[in-house]
Structures are given as structure tokens and as C-alpha cells.
Amino acid sequence: QGKTAEAEQAFDAALGEDGGLWRAKYGLARLALQKGDLDRAAEMLKAGGKKKGIGDGEHMYRLGMALLLVAQGKPDEAESFALTALSLAPNDPDVVLAVGDVYEKKGVADLAIAKFEAIIADPSDVVNKGTLHYRLGLLYEKKQKYNDAMKNYQAAVTADSSLADAYLHAGAILAAADKSK
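For the structure given in this document, a descriptive report is provided here. This structure is a prediction, so every number in the text was calculated from the model and none was measured. (Residues numbered from 1 in each chain as written. Predicted model: local features only at pLDDT ≥ 70, side-chain atom pairs only at ≥ 80, totals over all residues. Heavy atoms only, no water.)

**Brief notes about unusual backbone geometry**
Located in the positive-phi region is glutamine 144, a residue other than glycine, with phi close to 60°. Tracing the backbone through its elements, the reader meets glutamine 144 in the loop between helix 8 (129-142) and helix 9 (146-159). (Helix = DSSP H or I, 4+ residues; strand = E, 2+ residues; numbered from the N terminus.)

**Focus on the packing of aromatic side chains**
Taken as a whole and assessed by the stated rule, the structure comprises 3 aromatic pairs. The interplanar angle of 50° and the centroid separation of 5.9 Å between the aromatic rings of tryptophan 22 and tyrosine 26 together place this pair among those described as tilted. Residue tryptophan 22 and its partner tyrosine 26 are both found in helix 2 (residues 22-35); the two are separated by 4 residues, about one turn of the helix. Judged by its relative accessible area of 5%, tryptophan 22 falls in the buried class. (Phe/Tyr/Trp six-rings, centres within 6.5 Å; stacked < 30°, edge-to-face > 60°. Buried < 20%, exposed > 50% of the residue type's maximum accessible area, 1.4 Å probe, protein only.)

**Let's talk about the environment of glycine 64**
Along the polypeptide, glycine 64 turns up in helix 4 (residues 58-71). Look at glycine 64 and you get buried, because its relative accessible area is 1%. Sequence separation between glycine 64 and leucine 33 is 31 residues; the distance between their C-alpha atoms is 8.8 Å. When sequence neighbours within four positions are dropped, the list of residues in contact with glycine 64 reads Tyr26, Leu33 and Leu45. (Contact = heavy atoms within 4.5 Å.)

**Brief notes about the packing of helix 7 (residues 109-121) against helix 8**
Any two packed helices are characterised by the angle at which their axes cross and by the distance between the axes. Two elements in contact, helix 7 and helix 8, have axes separated by 10 Å at closest approach and are oriented at 155°. Here helix 7 is positioned roughly antiparallel relative to helix 8, judged by the angle of their axes. Helix-helix and strand crossings are classified by hand; for helix 7 and helix 8 the assignment is left-handed. Seen from helix 7, the contacting residues are Ala109, Ala112, Ile113, Phe116, Glu117, Ile119 and Ile120; seen from helix 8, they are Lys129, Leu132, His133, Arg135, Leu136, Leu139 and Tyr140. (Axes fitted to C-alpha atoms, helices over the stretch in contact; angles between N-to-C directions. Parallel < 35°, antiparallel > 145°, perpendicular 65-115°, else oblique. Left-handed = near helix turned anticlockwise from the far one by under 90°.)

Right, here's the structure in full:
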């Protein structure tokens, strides 16, 4: 994390040697998505449109397209890409997280909660558990399940003390509970 310029240079160098290298194009697409450059991401992802099977990188194409469509505000279209990626790579935490993102954007909180909780429960996943707990807290807060929200906000700051928004949301819940007394 934080070395996007170096990663971009490495991917560009790989493409300089082999212009058809799918994994490098996929890497550039993911970096473009992080930067919000949706046109560049779409351009890079085109190369994966004919990939078939996990060995060929189809799951990466499907995941990339799901992330792109969510970023474009099209979660309904993103769902089929995310679910196909999930069927190809059910143990990939990025794929499971993308499915949760799609459900969150579609407003199907219960499905998003289930996906996020599955990632958190898996000790082998290397994703930022703090961010996931924070996002779970937000979903629970929207559903007015304040105890579950608080539990997740506390877990978020335990995992990553820089998550200031988790502190703010937990404080707001405590302040609201104090006012209701």
C-alpha cells in the first residue's frame, strides 16, 4: 500500500516487454480505479473480456468490471460480474468484498453484512479488518442495530486506530443514547 507509483511503473514496464500481458493490464486497471480514472480502468479491463476460467484470469476481469460498474454507480450491472467472480474464486477476499460492496450499493444491507462478516471471520484474509468493521458499523447503524454498530466501531479502532470516523460514529451513538435517558 502507498506505493502506487512504483506499482504503475512496474506494470508499464511489463507491458513494454509484452503488450498483451493481462495481469499487468489488470493491475493498471485496479490502480486507475483507486485514482478514480474510470476511463483508463475500462480501457485496461477490455483486454480481459474474452478470458475463460480462473487460470486464464477470468475472475480478475469479472472482479475488475464489478468494481468499475460500482464506481460508475451501476450496482445492478455490477452484481452479475461480482457473482461470477465469486463462483470462480470463492476464497478470494477481494472478490467477497466486492460482492459485499455491490450489495451495500444496491441497498441490500443484510447481504452486505453477511459478506463482510464472512471476511472478518476468516483468519487467513489479509484485508483491512478495521475498515470492514467500520463499514459493518455503518450498515448496522442504518438498520438501527446500535449495539452491533458499537461493537464494530470498537473493533474498527482496535484494528486501526487511525479510523477517526469510527470514533465519531461511536460517539454519536453514545450521545444519542445519553439524550434518550
